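Analysis of the macromolecular model
Each chain is listed here by its residues.
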Amino acid sequence: MHVRLTKDFTFEAAQTLPNVPPGHKCNRMHGHSFKVEISVEGETDPVTGWLYDHSRISRAMDPLLEKLDHSYLNEIEGLENPTIENMCQWLWERLDPLLPGLAEIVLHETPSARCSYRGK
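The rules behind each value
- Residues numbered from 1 in each chain as written.
- Predicted model: local features only at pLDDT ≥ 70, side-chain atom pairs only at ≥ 80, totals over all residues.
- Heavy atoms only, no water.
- Phe/Tyr/Trp six-rings, centres within 6.5 Å; stacked < 30°, edge-to-face > 60°.
- Helix = DSSP H or I, 4+ residues; strand = E, 2+ residues; numbered from the N terminus.
- Buried < 20%, exposed > 50% of the residue type's maximum accessible area, 1.4 Å probe, protein only.
- Lys NZ or Arg CZ within 6 Å of the ring centre and 35° of its normal.
- Expected span 1.5 Å × (residues − 1).
- Bend = angle between axes of the 7 residues up to and from the residue.
- Contact = heavy atoms within 4.5 Å.

Each aromatic ring pair is specified by the distance between its two centres and by the angle formed by the two planes. Under the defined criterion, the tally for this structure stands at two aromatic pairs. Ring plane angle 15 degrees and centroid distance 4.8 Å describe the contact between F11 and F34, whose orientation is recorded as stacked. Of this pair, F11 sits in strand β1 (residues 2–15) while F34 is found in strand β2 (residues 30–43), placing the two residues 23 residues apart along the sequence. Comparing F11 with F34, the two get one shared label, buried. Aromatic side chains W92 and Y117 sit 5.7 Å apart centroid to centroid with 90 degrees between the ring planes, which places their arrangement in the edge-to-face category. In this pair, W92 is assigned in helix α2 (residues 84–95) and Y117 in strand β5 (residues 113–117), connecting sequence segments 25 residues apart. The cationic tip of R56 hangs over the ring face of Y52; the distance from NZ or CZ to the ring centre is 4.3 Å.

Right, dumping it as structure tokens:
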């Protein structure tokens, strides 16, 4: 059976967006309560009935959340311009080797604004 499994995570962080037009409000330091959805896709194991144990996704995300949570994102290598688009790619590059079948990362910066990335 082919399935898609998604696990959600949250973290709090501050940022500035250094490349926005002059006077844009996101050039000032501000923070977000981020929500990340990590989706993997593939065939279920016929014995367990699982694609993954959810804890496998958590183990891959734990060190990244430790780095991101309550941080100033601009100080993290690779996130000097921490748009949600760039953050999705940054997460993908770190998770893809650990999570075979990684299908999509969705990063919410507010309840109404998000970016989805499928590794392309």
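Here the narrative resumes.
With 15 residues, helix α1 (residues 54–68) extends 21 Å between its outermost C-alpha atoms, agreeing within 8% with the 21 Å of an ideal straight helix rising 1.5 Å per residue. The largest bend along α1 measures about 40 degrees and falls at M61, with the proline P63 one to four residues further on. Those residues of α1 not exposed but buried are I57, S58, A60, M61, L64, L65 and L68. Residues of α1 that are buried in the fold lie against β1, β2, β3 (71–72) and α2.

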